[in-house]
Amino acid sequence: MAILIGALGILVLLAVAYLLSNDKKNVNFKSIAIMIAIQLLLGAFLLRTTIGRKIIEAITGVFTKILAYGNEGISFVFGDRLLDEGVFFVQTLAMIVFVSALLSILNYIRILPLAIKYIGGFVSKITGLPKIESFVATNAMVFGDTTAIIAVKDHIGRLNKNRLFVVTTASLVSVSCSILGAYMMMVPAEYVLVALPLNVFSGLIVSSIVCPVKIEDPKEDEIDTSGAVEESTLFEAIGSGTLMGGKIALIVGAMLITYVGLLALVNGVLNGLIGVDLQTILGYVLYPVAFLMGIPSSELLTAGGVMGTKVVANEFVAMLDFMPLIPTLTEKTVGIVTAFLISFANFSSVGIIIGAVQAINGEKAKEVAGFGLKMLLVATMGSILTATVVGLFL
């Protein structure tokens, strides 16, 4: 029954996306079917087969070792006491600095640019979608939304409104690998890793249904990664990656101070007026969505509250709420909610994306601002699709 409900949930989500479509006649149903099939095969392989689980365990083991090495530097700066006591900035956010530096090294030695280019090209070839959209979705899986958009800055001015929508929405259904370590310290690592590749296709599926795209000039769709590496030396790459990681950690920390404080303020007002908090209200709002995602009936309200917190605040705030609940919930709910949380689909990220496009092209930024709320809705639908697919195999 749970599998049937999850399958129904996917069909309902696709139907809603089709109803929202601004060009129903040009929806590429073949590419949609191919991407959904890939998602189902990936989900089944990674979550249901012995080989798939061993791959996830191996990758998790590698990340665990990397985090252990990073902890050596964190311990040197902050001391073992703060690390052992679980001070959030020290134990979780400081790791972003180390991982960001590692990514910068991989980028400098050309491993990441080539991998992203060819994986994006492969996605484009098997789905029939344009290379730019496929490249951005793949790039965002590693570097996050704004960097993925900046990577195609030379193409932004030539994109029509539908293609711009797909590019920005696909980038929003993503997270940066630089903060994966922080996520994996808060929620189950295996579901974080499974959500990453599924998000690539989820963002493309829902956005290309809502705003169908096609290649008008194949020559303008070619991706050039020659400018992906800006540093001239390895040490410069390490330095820039470290500084970027520090900046991200401080931004996340500042956002958490604001959002956690604001949520406490809103909850205080709501409790005083109507006797319920915001998470409970959001839980009821997303109750039917959680049901169609396959979450057990006894945990629908709790799951809906966590998911709603992620949309109105961000994934870190939601994870902080979710962490103490994990031992009390079923594995299915934990997997579904974790997969849903692994994206930047929230109100604050919409503003960040508009700012990134503004830095490239002011006119296109106005277009993005015009469909900002729609972009958030469709990106959230992408997160729902990823989580529902994960739930089918738990």
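Residues numbered from 1 in each chain as written. Predicted model: local features only at pLDDT ≥ 70, side-chain atom pairs only at ≥ 80, totals over all residues. Heavy atoms only, no water.

(A) Molecular detail of the overall build of the protein. Summing up its helical and strand segments, the protein has 22 helices and zero strands in all. The C-alpha atoms of the protein give 20 Å as radius of gyration, which agrees with the globular expectation for 394 residues (21 Å, within 12%). Reported as C-alpha extents along the three principal axes, the dimensions of the protein are approximately 55 × 55 × 45 Å. Looking at the protein as a whole, 52% of its 394 residues qualify as buried. Long-range pairs, those at least 24 residues apart, make up 78% of the contacts in the protein with a sequence separation of at least 6. Of the roughly 17200 Å² of accessible surface on the protein, 68% is carried by carbon and sulfur atoms. For the protein, the distance from the average position of its 24 positive side-chain charges to the average position of its 26 negative side-chain charges is 9 Å. (Helix = DSSP H or I, 4+ residues; strand = E, 2+ residues; numbered from the N terminus. Rg over C-alpha atoms; globule rule 2.2 N^0.38 Å. Buried < 20%, exposed > 50% of the residue type's maximum accessible area, 1.4 Å probe, protein only. Contact = heavy atoms within 4.5 Å. Areas by Shrake-Rupley, 256 points an atom, 1.4 Å probe, with all protein chains shown as cover. Lys, Arg positive; Asp, Glu negative; His and termini not counted. Charge placed at Lys NZ, Arg CZ, Asp CG, Glu CD.)

(B) Looking closely at helix α11 (residues 161-172). Over its twelve residues, α11 runs 16 Å from end to end, which matches the ideal 16 Å to within 8%, given 1.5 Å per residue. In terms of burial, α11 is a largely internal element, eleven of the twelve residues being buried. Among all positions in α11, only N162, R163, L164, F165, V166, V167, T168, T169, A170, S171 and L172 are buried. (Expected span 1.5 Å × (residues − 1).)

(C) Region of the structure containing the nonpolar core. Residues Y183, I205, F316 and F322 are the most contacted members of the largest nonpolar core, which totals 117 residues. Setting aside anything within four residues of it in sequence, one finds I205 in contact with L14, I32, M35, I36, Q39 and L385. Residues L67, V90, A94 and M95 belong to the second largest nonpolar core, which totals six residues. (Core = buried A, V, L, I, M, F, W, Y, C linked by side-chain atoms within 4.5 Å.)

(D) Fine view of the layout of surface pockets. Here the second largest pocket defines a volume of roughly 710 Å³. Along its surface, the second largest pocket is lined by 27 residues, and I59, M141, C177, L196 and P197 are the ones closest to its centre. For the lining of the second largest pocket, the secondary structure elements donating two or more residues are α2 (29-48), α3 (50-78), α6 (95-108), α7 (111-127), α8 (131-143) and α13 (189-210). At six residues, the largest contribution of residues to the lining of the second largest pocket is made by α3. Classifying every residue of the lining of the second largest pocket by side-chain character gives 26 nonpolar, one polar and no charged. (1 Å grid on protein atoms, 1.4 Å probe; cavity = no way out; pocket = protein on both sides within 12 Å on 5 of 7 lines; lining within 4 Å. Points joined across faces, edges and corners; volume = space filled by probe spheres on them. Nonpolar A, V, L, I, M, F, W, Y, C, P; charged D, E, K, R; others polar.)

(E) Summary view of the packing of aromatic side chains. In the structure shown here, the tally under the stated rule is three aromatic pairs. Ring plane angle 40° and centroid distance 6.1 Å describe the contact between Y18 and F29, whose orientation is recorded as tilted. Note that Y18 is positioned in helix α1 (residues 2-20) and F29 in helix α2, a separation of eleven residues in sequence. Summarising the aromatic geometry, the rings of F165 and F371 are spaced 5.2 Å apart at their centres and angled 75° between planes, so their arrangement reads as edge-to-face. Taken as a pair, F165 in helix α11 and F371 in the loop between α21 (362-370) and α22 (372-392) lie far apart in primary sequence, 206 residues in all. (Phe/Tyr/Trp six-rings, centres within 6.5 Å; stacked < 30°, edge-to-face > 60°.)

(F) How the structure looks around the confidence of the model for the protein. The predicted model of the protein averages 87 in pLDDT, with 95% of residues at 70 or higher. Helix α19 (residues 331-341) holds the highest mean pLDDT among the elements of the protein, 96, whereas helix α4 (residues 80-84) holds the lowest, 73. (pLDDT = per-residue confidence, 0-100.)

(G) Expanded view of the environment of L286. Following the sequence through the fold, L286 ends up in the loop between α15 (278-285) and α16 (287-292). When the C-alpha atoms of L286 and L392 are compared, they prove to be 19 Å apart, with 106 residues separating the residues in sequence. Among all residues touching L286, those that are not within four sequence positions of it are G304, M307 and G308.

(H) Focus on the packing of α2 against α22. Two elements in contact, α2 and α22, have axes separated by 9 Å at closest approach and are oriented at 50°. Taken together, the axes of α2 and α22 lie oblique to each other. The handedness of the crossing between α2 and α22 comes out as right-handed. Contact residues: Q39, L40, L47 and R48 in α2; L385, T386, V389, V390 and L392 in α22. Tallied by class, the residues present in the contact of α2 with α22 amount to six nonpolar, two polar and one charged. (Axes fitted to C-alpha atoms, helices over the stretch in contact; angles between N-to-C directions. Parallel < 35°, antiparallel > 145°, perpendicular 65-115°, else oblique. Left-handed = near helix turned anticlockwise from the far one by under 90°.)

(I) Expanded view of helix α18 (residues 315-322). The buried fraction of α18 amounts to six of the eight residues, a majority that puts the element mostly inside the structure. E315, F316, V317, A318, M319 and F322 are the residues of α18 that are buried. Sitting at the head of α18, N314 places a side-chain oxygen 3.0 Å from the backbone nitrogen of F316. (Polar contact = N/O pair within 3.5 Å; in protein donor to acceptor, adjacent residues only side chain to side chain.)

(J) Main features of a nonpolar patch on the surface. On the surface, a cluster of nonpolar side chains totalling about 680 Å² of accessible area is made up of F76, V77, F78, L82, V87, F89 and L250. Considering each element in turn, the nonpolar patch owes the most residues, three residues, to α3. Among the structural elements, V77 can be located in helix α3. A relative accessible area of 61% places V77 in the exposed class. (Patch = residues over 30% accessible without salt bridge, like charges linked within 9 Å, V, L, I, M, F, W, Y side chains within 5 Å. Salt bridge = Lys/Arg side-chain N within 4 Å of Asp/Glu carboxyl O.)

(K) Representation of the pattern of salt bridges within the structure. The full count for this structure, using the stated rule, is three salt bridges. The salt bridge partner of R163 is E133, with a shortest N-O separation of 2.7 Å. Of this pair, R163 sits in helix α11 while E133 sits in helix α8; the two residues are 30 residues apart in sequence, bridging distant segments of the chain. No difference in accessibility class separates R163 from E133, as the two residues are buried.

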